[in-house]
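Tertiary structure, described
Residue-level listing of the chains:
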Amino acid sequence: MSHLGTHRTTQQFEDDIVPKSSLSPREAIVKAQEINKEAGHENNGYLSFSHGFAPRIAPITHFPPKYDAWNKLCDKLPYLLSSKKLRSYCDSLPVLDANQLPPIFALRAANVLGYTAHVYWHLGDPPEERKIPEGLEVPWKIINEFHLGRKGVPPYLGFMELLGGNFRFEEGKVPPPPEGADPCAWITKELVGYGSVEYYPTQANIANFHPNFWVTGLPEERIFFGVVTELHTVGAPAVQLVVDAQEAVSTKDIKKLKESLDALLYLLHKLTFDVFSKIQQQRKAPFYTDAAIWSKVVAPFATPMHSTAFGPSGTASPIIHLLDAFFGRIKHEHFIGKEVRGIYASFPPNWKAFFHAVRNGPSVQTFVVESDDRELQGLFGTCLRQYAGENGFLGRHKLKTVGYLEISMKLGRAFTLGGNSGLLKDRGWDKISDELEVGQEERFAIPLKASGLCHVGKIIQVPQESLDSANKASFQVVIDTTGSGIRHKPGSHVGVIYETRAKEVHKCLLAFANGDRKEAVRLGEEHMVDLNDKWISSLQKRQEYHDTTTPDDSKLPRKLKLSSFLKFGQLRPASRRMLMLAYAASNSSELIAILNEELEAALTFSDVITILKRGDNPVDLLKEQSRRESEIDFAKIEARLGLIKRKGDFLTRGASSRILDGTGLSTVEQERVQVRTKSIFILKEKVKSVVLKIPKLCDLIEPIVARQYSIASSPLVHPNELHVYVQHLRYSTKSAVATASPLLADTQAPVHQRGAASDYIVSKSLPRYYLAIDAIAEMAGLKPTDDYKRMGHNMMFHLNDERKEMLKKIAHLDDEEIDSIVTRAKGYKGGGENMFKNLTEAIEEEIRDKPDPRDMTIVLEVITPPRFHLPKQRQPCIMIAGGSGIAPFRSFWQALAVAGPTDSGSKHLLIIQQRTRSSMEFEDEILTMVKAGIMDVEIMFSQDECVANFDDNEIVYEDFPGRKGYVDKIIQNEAMQERLANLIRKDDAHLYVCGQGQLAKTAVDALDNCLCNIFGEADGKDELERMVAENRMVLDIFTSLEDPKTKSHMQLSELCQCNDFAGVLKGNKGKEKPLLLVINETVYDMNKLFRLHPGGDQMLKLYCGMDATTAWEAVKHDKSPEVVAMLEMFNTERTIFNPEIANLDEKDRNWYKLGWKATVMTLVEIQNALSLAFEKNWDTGAFSAAEKHLGEHFTVWKGKAVWRPKRSLLKGQFFVETHDRLWSMFLPLLFGDSFDEILAGMATDDRDFPEEIDTKFERLGKDKTHKMCDAVCPLLTQELDKASALENNQVVPPGLQSYMEEVRKADDALLESIKTRLITGLQVFETQKSPLLPAFYARFDSCIVGIIREDLTGFISQIASLTTTAFGFEQVNKVANMPNLKRGGVTLIDSPSLGYVERHYIDKDKATTTALGQVAYDHEIKSANGKQKCPFS
């Protein structure tokens, strides 16, 4: 069958290619194309100029008749999966001769046999004897070794067969090759008969293909696998672009290199935001991918069966390896980096040869570094950021991956493709997030000038006519970007790397110098500040260090002058982190009061310096102040270690906390030591190494990060320019340090402040005379909103030496100019140089027309939001703008004017909300757009009663009594509602909102009401959700700095009850439930966010009733102004009450934090995970296409019949796994370390530990009813297997389903009951202050005893009763006493804090110790190496 490919082995081809290392990238591709042509197949690796890493022809769709058993397997798989018949079917599969299989079928056979083998292995518990059937294993092994050349390793599932070429075009949807394309040399009529066809790769996507072989038949499988395939079809041009770029380097053709990089940037942007973003968790999304279904029947099945086998994870993607080679990645030190290098061995020879050629070809990165072309450096850096940056391909991949993994692991996934554990306590998703982040960092660890990581533009000074005609608080700033390498599009943001204004730096220096001005100057110039790694890296973005290539570059300083350090630091407002560190250093009661009242935003760093200097323990941040090591009581550490029971070879966090308590370490210092450590020696060394001193300035102050602004221009209209609309932010705060108590802050005179970033931009863009007049007005005490000329007309003002120095810095004046200004003012009548009016006139006359000596350059970063951009098609846009939120829409309408009319003929719509008519911006452009018929405009003022009319030459504002308000007033108009509805439903309009959070909330609520009015309640809400899911409703929200104010508090005991998203609690069904979560101590309402969250509702559900700060920061949401601002729409204006700060001493603080709080948060997390698992694994959805139309049936329990939806046997298995997670994983986790801490704190010097707890765990673990609970999952599995054996049955029997529903109710009730009891303990800490009175310990006792005696005992008895009712006592007892039965529940609880409680039971008179009875079982754990005894204790 030579027409179906030759049998020349892969090893022979590899011998031909790989040793020839002198091949260029182009030659490697040509050679690969020749080899594939000669072979008549692509088993040696898909690789061509036209198709990149995608197949040259569409893969075959079925096998020859001789191998029809494999065709039937493919057809039956969804049913076999749903009915749990897959293993029995595969056991009877015949062993077909793979040696005679024509090579063209090898990749399909490798996929069908290999993936089925993985499903067989991972579907439920591993098969007996850990083998797969010969009908799968034998031919799969032959195909791997003989056809694919994978010798010396167990057969594995490769990326090429599972993801690279696993697609089949829908009927009639094959994208034809472009005209003139070279035909594939080996396609024949016979191959066409097997489904092969030529196609256009960049047009092949999940809209026109589905998996060529799939197991479930579900959208999740199609979308997840399809998107990975699409990355390589749409990404096919990357191969040609890399070759072109390297060849341009060889010929030193910079123009061609820039063209290649521009094209690569476009392609990376397309892969990131058009292709990869298709995987969405929003229910109404066109390619909705349910994370729960993905986690159960897609993700786990590809996990390698053997630890030595390769897995087709994202690290195996050839396009990732190509880009790593192209950008010059040199570090692979972390886990995933090593995996990337290891996976290379699994690649086919064509890929190896090409990657080898690219890595050894001309280095684009080296050429760029050695070039002096700033545009080239900036363009290369932009490409690298679009690949590996937070908002680039790998950053978006990490964000999506971590979210899906967290959901999947909490819902039952055991391991990732890379082997990370899915146990809740191991928090594998956090580890993977860290590993992926390190992978991103490693890709930036290449020699690259800092000018490639940011850009330098030049500000064009604001013209005089703009200052005279516009509101002086708002300016349109134009930045010349010629030669900077900046690439942007409408909707992009620009980040400005600013500097702190000189006046603020001077205030801090004066605070350090206790008001001594000469000393302040000396400190600023002479005191050197040590820098940490974060600070050193941040300096690379400063223009003076742009020639440095890495953070290790010797040109980067390790110390800075204090004045320079302050100039580059975030000095205001003070952060909560800054105050917490300052409090740890000083124990200042003033700082703790400010933290309690949440008034930190009212402080600047100079205020913090003042507080630290005047406290009970004065602290000077400029002096090294460390405790002597002799103050640390190591003898006490040694003594305490003997009283602490170690778990295995480790000290737990709680144990180390108790050891360190009272040793001389502060709480913050203890936090730095409290890690799992193997010995007291290591613990002592950690104590020694911890920084036992006042925090360094570089730890206290964060370096400045870019402040983002919307770009207000389109590159189509203003090439080589960025227009930014800047409001010169002026605001006032009340001093929280000028009084004896922060509570009296409101009684103080306001302190006038300026926005740090906007003030920096203004200082470069406005004329010097304007800055000078503004500066002396501020010195004179005038408010920013005052009319300087009118109010300062008769004001006396003396320009002393200090003011002269400050004026010189702010307005960039020299001594000669200052002297000339004073001389001029002296010559004026009426007070001479001591009159404010005379000085301002002298300044304007002296410097208005002089050349400007300032450096007008500015350092910029361009950020492309993933969603806020114009539609891909010519659809109408609805733009709603508030205040300066009009800025991005200017870039929109400029681009829309160039693009021409919409396809539907409908005009775009701009709705504007401003305060007054005088605050309107861009009036001339808006009028032009209206007159050109491109868009309609509606304007509403919140303070002016008028209507806007558009005549031929201007916008005329006509007084209209009563017409004022907000955007909702426009949207609520009946005609407008009809128009909006038509635009949205008929024309698929895209809606954008830009403004502050309150405007966005108002607009979205009004739009929601509008759609409900037009389409009805249900359809209207669906329409809004669909717009979000389809990226047709996008918010770009910014925050404004408001006066700090005391917010109302919410107790943790209240928060943890706000998580009933499943409505399982009595009385919650059918009504709106409070669903809340906390981020950075602020409480947010999730009820509406569920509908609007682009990432869907599942992740939010997992954190309802919890503090989600860690998860929020893990995916870098805290670094995204777009996401942070959007969250403000759902701010409840409440904060979580923190008794750790307000009420408790150190002892009770640790008990509350490490014990009660940690246990409750663990319980809520478990409760959320269990509720979502039952919802997704049992209540809703389908896990294969065969499940979708199962119908309903009667289920009977104790004589009561209920009409219920049928559940597939696969769902039944997942139910078993979900209950087993509660019994075998969640309960031991709940009663783990944090519960140990609760018990350890309940025994004090003057009271014994409750004896009832002593024996209860022991009795429970040995009780017969407990063993019956152990038998639940084996019994269910047996019954499901029996049902699976019935011919044509795929559903759970009705009686068994009734029993499972009762078990599910008991599981939910147990966790809710335990939570209710723990809440009573929390409430003591929330309402009382240390020291806690003895009476409250009785409440603690009642709580813990109730959990054990009533909740756990009652649950175990209930499950035992249900189980004996369902299966009969004899069968239950038989299974419960099986010798190898897996134990769970209390038997896995690590002996409730045995060691921690022991030290409290020391009887000083009898020198005896009473301890809890240790309940532990040894379990036989089977492994690949045989049986290994593993005691769970």
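Residues numbered from 1 in each chain as written. Predicted model: local features only at pLDDT ≥ 70, side-chain atom pairs only at ≥ 80, totals over all residues. Heavy atoms only, no water.

Okay, the sheet that holds strand β21 (residues 1076-1079) next. Ordered by their spatial adjacency, 4 strands build an open sheet running β20-β23-β22-β21, and the pairing between neighbours is mixed. What marks the edges here is a single partner per strand, and that holds for β20 (1048-1050) and β21. For this sheet, the mean inter-axis angle between neighbouring strands, taken without regard to orientation, is 45 degrees. Here 4 bridges tie β21 to strand β22 (residues 1082-1085), and the two strands are oriented antiparallel to one another. When the bridges of β22 are listed, Leu-1077 appears paired with Tyr-1084. (Pairing = 2+ DSSP bridges. Helix = DSSP H or I, 4+ residues; strand = E, 2+ residues; numbered from the N terminus. Axes fitted to C-alpha atoms, helices over the stretch in contact; angles between N-to-C directions.)

Take the packing of helix α57 (residues 1294-1327) against helix α58 (residues 1334-1367) next. Orientation of α57 relative to α58, taken along the N-to-C sense of each, is 180 degrees, at an axis distance of 9 Å. Viewed along their axes, α57 and α58 adopt a mutual orientation that is roughly antiparallel. Tallied by class, residues from the contact of α57 with α58 come to 19 nonpolar, 6 polar and 6 charged. (Parallel < 35°, antiparallel > 145°, perpendicular 65-115°, else oblique. Nonpolar A, V, L, I, M, F, W, Y, C, P; charged D, E, K, R; others polar.)

Turning next to the confidence of the model for the protein. When the pLDDT values of the protein are averaged, the result is 81; 82% of them are 70 or greater. Predicted confidence is poor over residues 626-632, with pLDDT under 50, and the contacts of this stretch with residues over four places away or in other chains come to 16 contacts. Considering only residues more than four positions removed or in separate chains, one finds that residues 688-692, a stretch of pLDDT under 50, has 14 contacts. (pLDDT = per-residue confidence, 0-100. Contact = heavy atoms within 4.5 Å.)

With 12 residues, helix α34 (residues 768-779) should cover 16 Å at 1.5 Å per step; its first-to-last C-alpha distance of 16 Å lies within 8% of that length. With 11 of its 12 residues buried, α34 lies for the most part within the structure. (Expected span 1.5 Å × (residues − 1). Buried < 20%, exposed > 50% of the residue type's maximum accessible area, 1.4 Å probe, protein only.)

Counted by the stated rule, this structure contains 74 salt bridges. Across the salt bridge formed by Glu-1217 and Lys-296, the nearest N and O atoms sit 2.8 Å from each other. Taken as a pair, Glu-1217 in helix α52 (residues 1209-1230) and Lys-296 in helix α12 (residues 291-297) lie far apart in primary sequence, 921 residues in all. A salt bridge links Glu-805 to Lys-808; its shortest N-O distance comes to 3.4 Å. Of this pair, Glu-805 and Lys-808 both sit in helix α36 (residues 801-811), 3 residues apart, which is roughly one turn of that helix. For Lys-808, a relative accessible area of 19% puts it in the buried group. Each of Arg-768, Glu-817, Arg-824, Glu-845, Glu-846 and Lys-850 takes part in a single network of salt bridges with overlapping partners. (Salt bridge = Lys/Arg side-chain N within 4 Å of Asp/Glu carboxyl O.)

Among the structural elements, Ile-143 can be located in helix α6 (residues 134-147). Residue Ile-143 is classed as buried on the basis of its relative accessible area, which comes to 0%. For Ile-143 and Phe-105, which are 38 residues apart along the polypeptide, the C-alpha to C-alpha distance reads 9.8 Å. With sequence-adjacent residues up to four places away left out, Ile-143 is seen in contact with Ala-98, Leu-101, Ala-106, Ala-109, Ala-110, Leu-113 and Leu-148.

With that out of the way, let us pick up the nonpolar core. Grouped burial of nonpolar side chains is what soluble globular proteins tend to show. The biggest cluster of nonpolar side chains holds 278 residues, and the ones touching the most others in it are Val-297, Phe-354, Trp-1156, Tyr-1299 and Ile-1344. Excluding anything up to four places from it in sequence, Phe-354 contacts Pro-25, Ala-28, Ile-29, Leu-47, Phe-53, Val-239, Val-243 and Leu-322. (Core = buried A, V, L, I, M, F, W, Y, C linked by side-chain atoms within 4.5 Å.)

Let us now look at the packing of aromatic side chains. What the rule picks out here adds up to 50 aromatic pairs. On the numbers, 6.2 Å between centres and 55 degrees between planes, the contact of Phe-53 with Phe-354 is tilted. Linking Phe-53 in the loop between α2 (25-39) and α3 (68-82) with Phe-354 in helix α15 (residues 349-360), this pair joins segments that are 301 residues apart in sequence. A residue is classified by how much of its surface remains accessible, and Phe-354, at 0% relative accessible area, is buried. Taken together, a centroid distance of 5.1 Å and an interplanar angle of 35 degrees make the contact between Trp-1156 and Phe-1340 tilted. Residue Trp-1156 is found in helix α51 (residues 1146-1179), and its partner Phe-1340 is found in helix α58; the two are separated by 184 residues along the sequence. Considered together, Trp-1156 and Phe-1340 belong to a single accessibility category, that of buried residues. These aromatic residues form a ring-pair network of at least three members: Phe-53, Tyr-344, Phe-347, Trp-351, Phe-354 and Phe-355. Its guanidinium or amino end placed over the ring of Tyr-120, Arg-87 lies 5.5 Å from that ring's centre, counting from NZ or CZ. Lying across the ring of Phe-1015, Arg-985 places its NZ or CZ 3.8 Å from the centre. (Phe/Tyr/Trp six-rings, centres within 6.5 Å; stacked < 30°, edge-to-face > 60°. Lys NZ or Arg CZ within 6 Å of the ring centre and 35° of its normal.)

For Arg-614, the location among the structural elements is in helix α27 (residues 605-614). The class of Arg-614 is partly exposed, set by a relative accessible area of 41%. For the pair formed by Arg-614 and Glu-590, sequence separation is 24 residues and the distance between their alpha carbons is 9.7 Å. Separated by 2.4 Å, the side chains of Arg-614 and Glu-590 make a polar contact. (Polar contact = N/O pair within 3.5 Å; in protein donor to acceptor, adjacent residues only side chain to side chain.)

With their axes 11 Å apart at the nearest point, helix α53 (residues 1233-1242) and α58 run at an angle of 140 degrees to one another. With respect to α58, the element α53 is oriented oblique. The two elements α53 and α58 meet at a crossing, and its hand is left-handed. Facing α53, whose interface residues are Phe-1235, Ile-1238, Leu-1239, Gly-1241 and Met-1242, α58 presents Tyr-1337, Phe-1340, Asp-1341 and Ile-1344. Tallied by class, the residues present in the contact of α53 with α58 amount to 7 nonpolar, 1 polar and 1 charged. (Left-handed = near helix turned anticlockwise from the far one by under 90°.)

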